[in-house]
Amino acid sequence: VQLQASGGGLVQDGDSLRLSCVVSGLVFTYYDMGWFHQAPGKEHEFVSAISWRGSSTDYVDSVKGRFTISRDIAKKTVYLQMNSLKPEDTAVYYCAARFGKVPLSRLWENYDYWGQGTLVTVSS
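Overview of the structure. Given the structure is predicted, the values throughout are model-derived calculations rather than measurements.

Check the secondary structure of the protein and you find 0 helices and 11 strands. For the protein, the succession of helices and strands along the chain, N to C, is β-β-β-β-β-β-β-β-β-β-β. Against the compact-globule benchmark of 14 Å for 124 residues, the protein has a radius of gyration of 13 Å, which places it among compact chains. Dimensions of the protein, computed from C-alpha atoms along their principal axes, come out at roughly 40 × 25 × 25 Å. The buried share among the 124 residues of the protein stands at 43%. Sequence separation of 24 or more characterises 59% of the internal contacts of the protein that already satisfy a separation of 6 or more.

Now the structure itself:
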């Protein structure tokens, strides 16, 4: 199983980025997908999640209205469109996969597979 995250970079306050996570080695439609981030010295924190069918989404309050999660079943890819980025969004972003048609989870440990992370740096 591989979750390959990409799309991070160095941007300025107010800019946008789109993160992608390409999934292989599992049946994509069996898994809810999530995005987490980890800032230096902090634990992994939930950012957003999307259900296996894409019909349900969840966002942490700090990104509501700025970030949008989506998934392309044909491409086995989950995206995180990040607009109006702020310096406090600076972190390594990880995608994660959770098996089963279950309620969306905000807990890192509830997911079954995780990608390697992509660094997002927002300068002020």
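Further notes follow.
A few words on the pairing of strand S8 (residues 77-82). The element S8 is largely enclosed, with a buried count of 5 among its 6 residues. Bridge analysis of strand S3 (residues 17-24) against S8 gives 6 bridges, and the strand direction is antiparallel. Residue pairing across strands places Leu 17 opposite Met 82, the latter belonging to S8. Strand direction decides the pairing type here: strand S7 (residues 67-72) and S8, joined by 6 bridges, are antiparallel. Note that in S8 the partner of Thr 68 across the bridge is Gln 81. Between the antiparallel neighbours S7 and S8 lie 4 residues, among them Lys 76 with a positive phi of about 50°.

Time to look at the pairing of strand S4 (residues 31-38). Along a regular strand, successive side chains alternate from one face of the sheet to the other. Among the 8 residues of S4, 7 are classified as buried, and the element is accordingly described as predominantly covered. As paired strands, S4 and strand S9 (residues 91-99) are joined by 8 bridges and run antiparallel to one another. If you follow His 37 over to S9, its bridge partner there is Tyr 93. Of the pairings in the sheet, the one linking S4 to strand S5 (residues 45-50) comprises 5 bridges and is antiparallel in character. The partner of Met 33 across the bridge, within S5, is Ile 50. Count of turn residues in the S4/S5 antiparallel hairpin: 6 residues, of which Gly 41 carries a positive phi of about 80°.

Basis of the calculations
- Residues numbered from 1 in each chain as written.
- Predicted model: local features only at pLDDT ≥ 70, side-chain atom pairs only at ≥ 80, totals over all residues.
- Heavy atoms only, no water.
- Helix = DSSP H or I, 4+ residues; strand = E, 2+ residues; numbered from the N terminus.
- Rg over C-alpha atoms; globule rule 2.2 N^0.38 Å.
- Buried < 20%, exposed > 50% of the residue type's maximum accessible area, 1.4 Å probe, protein only.
- Contact = heavy atoms within 4.5 Å.
- Pairing = 2+ DSSP bridges.

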